[in-house]
Amino acid sequence: MTVQELPGAGASHRSTPPPAWRPRTDAAPLLPDAEPYRVLGTEAADRLDPALMLRCYAELVRGRRYNAQATALTKQGRLAVYPSTVGQEACEIAAAMVLEEQDWLFPSYRDTLAAVARGLDPVQALTLLRGDWHTGYDPREHRIAPLSTPLATQLPHAVGLAHAARLRGDDVVALAMVGDGGTSEGDFHEALNFAAVWQAPVVFLVQNNGFAISVPLAKQTAAPTLAHKGVGYGIPGRLVDGNDIAAMHEVLAEAVRRARAGGGPTLIEAVTYRMEAHTNADDATRYRGDAEVEAWKAHDPIDLLERELTARGILDEAGITAARDEAEAMAASLRDGMNADPVVDPMDLFAHVYAEQTGRLREQAEMLRAELEAEDQA
Amino acid sequence: MAQALTRAMRDAMAEDPTVHVMGEDVGTLGGVFRITDGLAKEFGEDRCTDTPLAEAGILGTAVGMAMYGLRPVVEMQFDAFAYPAFEQLISHVAKMRNRTRGAMPLPITIRVPYGGGIGGVEHHCDSSEAYYVATPGLTVVTPATVEDAYGLLRASIASDDPVVFLEPKRLYWSKADWSPEAPATVPGIGKALVRRTGTSATLITYGPSLPVCLEAAEAAREEGWDLEVVDLRSLVPFDEETVVESVRRTGRAVVVHEAGGFGGPGAEIAARVTERCFHHLEAPVLRVTGFDIPYPPPMLEKHHLPGVERILDAVARLQWEN
């Protein structure tokens, strides 16, 4: 039924519809499946590529260790804050794995793990959270946009970059990450709309981890799922189990392929769960019960893959130990890197505000320089 | 002035294939003020793009395009329509160079038609420059003449930093002996200009208030005042030296702008002039600004906008006798 067919709309005084307007009738392929897509523990797992899955496994174990180490660093005062992705590692890792070298990742503040999985040095990735500078790496060198703290504001950037790359004839896909809370922001909607109108090669990955700090999804949206939000923009929505790295990899890789082939954007909702608090500064017991957390613990991304791979004889004790050893080595190197006091130069405050220093900033820089010299002499 | 602005974009696009114009209605229609007229036809819709109607989206996608090496020129259509884009402007556009320690500058020009005097209804006449000048990382310029419209827009597009380019709407139709065939040289950003030399006092102004100040200066001659008029042209960076030199010479100053006075650019300028010229001043630095009210309806705007009379009253008050 279209708007024009609604009872009352076709009253006898108007026998013909107004010109040049008709609703799209091809909305059905845009709709997500009713259930999150799963591979692990289903027949679909028969087709898994063992080598790829072993890589996924090693990355997951490393990712979990990275989360644990970063959280430990907050307790030692080495990090100002850390938003954990324990439980969400499959989303983070898969997002990084499906991208080619020339592609771009647009992470939110929670997605340091995705940046590390893409190859960014863990210490550089944590610069923002440590507090020695906002972005500790050259985004162009790594093709990783700065971690975005304002919610969803990096999504239009991803659209613009992907659009620009396509205008230049370059084979570049942008993958932009956002949380469930971020889907309520205006920039989320504007980004999806621009991407669809421009058919930009972008993949939007929503990690629905259950809560926007303390607010549960039911208080965030009345949509059937977040993946349904794509329909309103003419973007296919995919619903996927965010703890199933095989499913995540498949769905993301398919969306990246589609974007690369000129098929336009995809909206993916990964249904997952944030096992820890929003950050180390948050008390999750105030807004959720242990039973829910325990239920999700039984659906842990590492356990899911480990069970599948050991049952199929792809992974054995030696493989598990090797992955853990590799993760320990990463953690040790991260600790070393973070335990070295960062060298900060106060004069950097003025160095990168404008290409050419304004007179005002020159004055203020001189004031600071004089203060620093006086401190040195004291 | 409108033609000079169009010409500036056209020349920039012809010289540099990375220059892209984008915004609502800028393509087929040529913009509601026709400032982008003909650009889509000449350079194609990929270079002059009609976007969906969403200012945050327009500026947000321009950020991504600039990240990839393009030079977007964004039109915000009307001053008050730019506000949805403020988060992008303040959190990302203004800060990206700083956040990335210089690795990722954003050469975006944001054209904002601003100010009143055209009989526009509400939300079409704001003077929003105070918001922009209060945001570190943004360059803020505004032309008052046809020549500067061309030169400053060329300089803005060429700048490696984001520039908020404020276009005085009521000067769009101003004419001058400016030939688009022989465009003037680019004045460069950050240079104020003495538009009229004088000895009794300095009027410091910019954008739509420049013609008003020049008219006031002529009228003041009858009162025996020989006024100097300084056109700032660039609010950030602020050309303090030109202003200070002028005021030290004349000993008196009035700052004139349409934006409200409280927290407006004039407050900053008056403070700077006072700090730098205290011993040269014969009277306090005065301000003639719009009232501190939401922009009034068209039938009342003439009472709000700083006009010649109000400027002359201020000049009279410069006869400071404690």
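Just so you know, these numbers come straight off a predicted model, no measurement behind them.

A. Representation of the overall build of chain A within the structure. Looking only at helices and strands, chain A has 14 helices and 7 strands in total. Its C-alpha atoms give chain A principal-axis dimensions of roughly 90 × 65 × 45 Å. Every one of the 378 residues in chain A was classed for burial, and the buried ones make up 53%. For chain A, contacts bridging at least 24 residues in sequence account for 75% of all contacts bridging at least 6. When the accessible surface of chain A is totalled, it reaches about 16800 Å², and 52% of it is carbon and sulfur. Once the 35 positive and 55 negative side-chain charges of chain A are each reduced to a mean point, those two points are 4 Å apart.

B. Geometry of the pairing of strand β4 (residues 109-114) of chain B. Residue and element names in this part refer to chain B. Burial of β4 is extensive: 6 of the 6 residues sit out of reach of the surface. Burial along β4 is two-sided: the residues T109, R111 and P113 and I110, V112 and Y114 are all buried. Relative to β4, strand β3 (residues 71-75) runs parallel, the two sharing 3 bridges. Looking across to β4, one finds that V74 is bridged to I110. Relative to strand β6 (residues 163-168), β4 runs parallel, the two sharing 6 bridges.

C. Structural context of the environment of I311(B). Mapped onto the elements, I311(B) comes out in helix α12 (residues 308-317). Sequence-distant contacts of I311(B), that is, excluding residues within four places in its chain, are made with L203(B), V212(B), C213(B), A216(B), V256(B) and V288(B).

D. Just the interface of chain A and chain B, in detail. Of the residues lining the interface, 43 residues belong to chain A; the matching set on chain B comes to 47 residues. Across the chain A to chain B interface the summed buried area is about 3700 Å²; carbon plus sulfur atoms make up 59%. The partner of D348(A) in a salt bridge is R101(B), with the nearest N and O atoms 3.1 Å apart. The interface formed by chain A and chain B contains 21 residue pairs in polar contact (both at pLDDT 80 or more). Of all the secondary-structure elements, those providing two or more residues to the side of chain A that touches chain B are β1 (104-106), α6 (139-142), α7 (154-167), α8 (186-198), α13 (348-351) and α14 (359-377) of chain A. The element that contributes the greatest number of residues to the side of chain A that touches chain B is α7(A), accounting for 9 residues. Residues belonging to the side of chain A that touches chain B are distributed by class as follows: 22 nonpolar, 10 polar and 11 charged.

The rules behind these values
- Residues numbered from 1 in each chain as written.
- Chains lettered and ligands numbered in written order.
- Predicted model: local features only at pLDDT ≥ 70, side-chain atom pairs only at ≥ 80, totals over all residues.
- Heavy atoms only, no water.
- Helix = DSSP H or I, 4+ residues; strand = E, 2+ residues; numbered from the N terminus.
- Buried < 20%, exposed > 50% of the residue type's maximum accessible area, 1.4 Å probe, protein only.
- Contact = heavy atoms within 4.5 Å.
- Areas by Shrake-Rupley, 256 points an atom, 1.4 Å probe, with all protein chains shown as cover.
- Lys, Arg positive; Asp, Glu negative; His and termini not counted.
- Charge placed at Lys NZ, Arg CZ, Asp CG, Glu CD.
- Pairing = 2+ DSSP bridges.
- Buried area = accessible area lost by both parts, 1.4 Å probe.
- Salt bridge = Lys/Arg side-chain N within 4 Å of Asp/Glu carboxyl O.
- Polar contact = N/O pair within 3.5 Å; in protein donor to acceptor, adjacent residues only side chain to side chain.
- Nonpolar A, V, L, I, M, F, W, Y, C, P; charged D, E, K, R; others polar.

By themselves, these observations are geometric and do not establish any function.
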